[in-house]
Amino acid sequence: MEKRKVDLYYGSLFHDIGKAVQRTTGKREKHQLIGADFLKPYMNEKSILNCLKYHHVNLRNDNITDDDLSYITYIADNIASGTDRRPNDEDPGFKWDAKAPLQDIFNRFGKQTGKRYLKPGELRLDDVVSITPIKDRLDYTHADYSRGVERFREGLMAIKPTEDYMQSALNLMEATMSFMPSSTNMEEVADISLYDHMKLTAAFAMAIQQYLDFLGEHDYKQRLYKNARKFYQETAFLMMGFKFSGLEKFIYTIVSQGAHKQLRSRAFYANMLSEWFIDTLLSDTELTRANVLFEAVGQGYILLGNTPKNRRLITEHCEEFNEFLQKQFGASIHVSVGMSQFASTQVEQGNTFDSYSKIFRDIDREITHSELQQFDAHQIMALNKRGKQTGRECVVCHAVGTLNPETNKCGLCEKLEGFSKNIQQDDFFVVNADEDGLPIGPGAFLSVTDKEAIQKGEVSGKIYSKNQLNTGFKQQTYLWVGDYSDLENNEFSKYAERDWTKDENASAIGIKRLAALRIDVDDLYASFLAGFADQGDGMYTTISRYAALSRRIASFFNVHLNAFAKGCHATVIYSGGDDAFIIGAWDDILKLLARLRGYFADWTDQKMTFSAGIYMYQATMPINIVARRTNQLLQEAKLAGKHRVALFDSSIIFDVDEFINDVYYDKLVKIRQFFTKQSNRGKSFAYKLLSLLRSRNEEDRISFARLAYFLSRLEDDAEDTEAFHQFKESMLGWYDNAHEIKKVETALSLYIYEIRED
């Protein structure tokens, strides 16, 4: 990458660092000058420092040339600022609140205006409480800013202003400034973090430079400063979206032998296919992860300059990657892309919702068209030439091809099986040309590495770190992965053995079953498009809020899911940014569902919901069947409406909150307490009661009489007569309501599962 592009990246990414430094003392000085003075000992390049000094309206300096990069940072900052606040935050008439904390991005989401704040501090991976928005405002003090700035300074000492460290610089910004507000203007909605604003400014700056290079325009002063109003109208930007099809099917299309050994590695591998597609495209177009506005497993949006070269590179990259996918997986995995050009006026605050949403509608229309026509004539001929494959099938994935005669497994399955332990135990990975690794793209292979080798400079290739906040390692990209597991290995059958429940006689308590949980956010795409359209006549519908909201949702499932699941006998198999697939002990899966619902409600201010499917199964069942049936239950839940859970069977569907509050935390608890007090009423009583509940008939009152007689006959014999009487009256009261008795039946069934032995 040319040095001027690298310098523009650093200058634009760090352009507002002076705000954080200024707030450590509160001194009334220009944050541009403060930032330049702060950065100078670490990056003493004039072109970088000029971006910090002159990115506001005071660009009247005879010492800067007409092609100075600061003019690009200036207008990129205006565009990024215009998407989240007023265009000129230097106006002396504004009122400032230097201790204002970051407002919750969900405050302006949906119809009801919220009033929540993020706590001051830095990004934390395992302290969920500290990163959940609260209603009480906690001032962002000078000390809070000093702590973040000092942590930033320490990381900056390990970074050089070269191409090798561009990703580390972005990592450092995310770790230290994700909770600092970009603006402290009291007249603005300060819900965009300093990190999100500076990242977006860098993205726009790099795209603008591409656009102007294509036009052969280097008089930035004239084009971007004197004629800024005209430039805002130009379709200078290109939004590119991509979507993989077939990744989930790939993850779960494994039968029995060895399934447990590679299920998680297949999920990680699918994630890395998406990551590598992004990184190689960014490399081709000479952009960085700052230009990625949204990313989940197998889908995302990237901001580029609107140039014929970028369009061509995107098309060629997609074709090349699909050739690799076709060679590796046949017709089972495919990536589709869509593009839309736009002007900055379409995404600034105050734009219409239609002008904003048109960008994404155009992209999705192209992606849909591509999905319907996945293969051209050349690719179809190539697939046909392969003919019908014959021979023995891989015992894991059932693919027909070259197998290891000793194991009867295909090469990919063998590598994935060996890679499984690495997924759980290792934190650093590298992609290079070493063919011993997993094939991840054209001529690229994924392997494991370690921190020591990276620090010694012994690792060549693209480095990735999993769930780490390290900085200073060259070319390092964060991988936020939901990978919590209560097991040291992937022997999921251990969950069914229930060793943690064994009593004095070494007998496990509870039915020996596993359960799979699949959750998926309801109408996420519609929320992204229209979520900010209801307040202020849509004035809050901006790219910056879209990016901030996307990162917020993705962080719930990828960054913090591990903390949410901590302590549960469960394993996160897959987390895709807005959904998750988890396997574990059946009762801990129910506990985790309740826990995730509570956290998600707090996370989104109850303005977004998810649906769920839970399938109970024996440990010997093939995982492909488990995944398919769990997904079927999820779809049944979604068909019943938003925020539903299908529990074990499609006939048992509740509103998620109704199940958690009325069944799991109410009726199940009452039933459990009742049987604790009535030790002489054991399993036979519970089974008989369940049978009577299931025989309920709306038209035949004899079933009610049977239940009343059964309970009354046993009441006199009760150990705790009062408790038994209350239980009987509750049961008879519930019995008259079909929906209530369905809850009771579900709760009683769950209790029987808790005490039953196989």
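Described in the following lines is the structure provided in the data block. (Residues numbered from 1 in each chain as written. Predicted model: local features only at pLDDT ≥ 70, side-chain atom pairs only at ≥ 80, totals over all residues. Heavy atoms only, no water.)

**Overview of the overall build of the chain**
- Looking only at helices and strands, the chain has 29 helices and 17 strands in total.
- A compact globule built from 758 residues would reach a C-alpha radius of gyration of about 27 Å, and the chain, at 29 Å, matches this within 12%.
- Considered along the principal axes of its C-alpha atoms, the chain spans approximately 100 × 70 × 50 Å.
- Out of the 758 residues in the chain, the part that is buried amounts to 59%.
- Within the chain, contacts between residues at least 6 apart in sequence are counted, and of these 70% link residues at least 24 apart.
- For the chain, the exposed area adds up to about 30800 Å²; of that, 46% sits on carbon and sulfur atoms. (Helix = DSSP H or I, 4+ residues; strand = E, 2+ residues; numbered from the N terminus. Rg over C-alpha atoms; globule rule 2.2 N^0.38 Å. Buried < 20%, exposed > 50% of the residue type's maximum accessible area, 1.4 Å probe, protein only. Contact = heavy atoms within 4.5 Å. Areas by Shrake-Rupley, 256 points an atom, 1.4 Å probe, with all protein chains shown as cover.)

**Quick notes on the packing of helix 1 (residues 3-13) against helix 8 (residues 166-177)**
- The interhelical angle for the contact between helix 1 and helix 8, taken along N-to-C directions, is 5°, at an axis separation of 11 Å. Here helix 1 is positioned roughly parallel relative to helix 8, judged by the angle of their axes. Contacts from V6, Y9, Y10 and L13 in helix 1 reach M166, A169, L170 and M173 in helix 8.
- Of the residues assigned to the contact of helix 1 with helix 8, the class counts are eight nonpolar, no polar and no charged. (Axes fitted to C-alpha atoms, helices over the stretch in contact; angles between N-to-C directions. Parallel < 35°, antiparallel > 145°, perpendicular 65-115°, else oblique. Nonpolar A, V, L, I, M, F, W, Y, C, P; charged D, E, K, R; others polar.)

**Some words on the pattern of salt bridges**
- Going through the model one piece at a time under the given rule, you end up with 43 salt bridges.
- Salt-bridge contacts for D362 lead to K358; the nearest nitrogen and oxygen are separated by 2.7 Å. With D362 and K358 both in helix 15 (residues 353-372), this residue pair falls four residues apart, about one helical turn.
- Take K358: its relative accessible area is 42%, and that puts it in the partly exposed class.
- Residues participating in the shared-partner salt-bridge network are E658, D662, D666, K667, K670, E740 and K743. (Salt bridge = Lys/Arg side-chain N within 4 Å of Asp/Glu carboxyl O.)

**Thoughts on the sheet that holds strand 3 (residues 299-305)**
- Ordered by their spatial adjacency, four strands build an open sheet running 2-3-1-4, and the pairing between neighbours is antiparallel. Two strands lie at the open edges of the sheet, namely strand 2 (292-296) and strand 4 (334-342), each paired on one side alone. Strand-to-strand twist across the sheet, computed as the mean angle between neighbouring axes with direction ignored, equals 20°.
- Where strand 2 and strand 3 come together, four bridges link them in antiparallel fashion. Within strand 3, the residue paired with A296 across the bridge is Q299.
- Across the face of the sheet, helix 9 (residues 194-215) comes into contact with strand 1 (237-245), strand 2 and strand 3 while running at roughly 50° to strand 3. (Pairing = 2+ DSSP bridges.)

The values reported here are purely geometric and, on their own, carry no functional implication.
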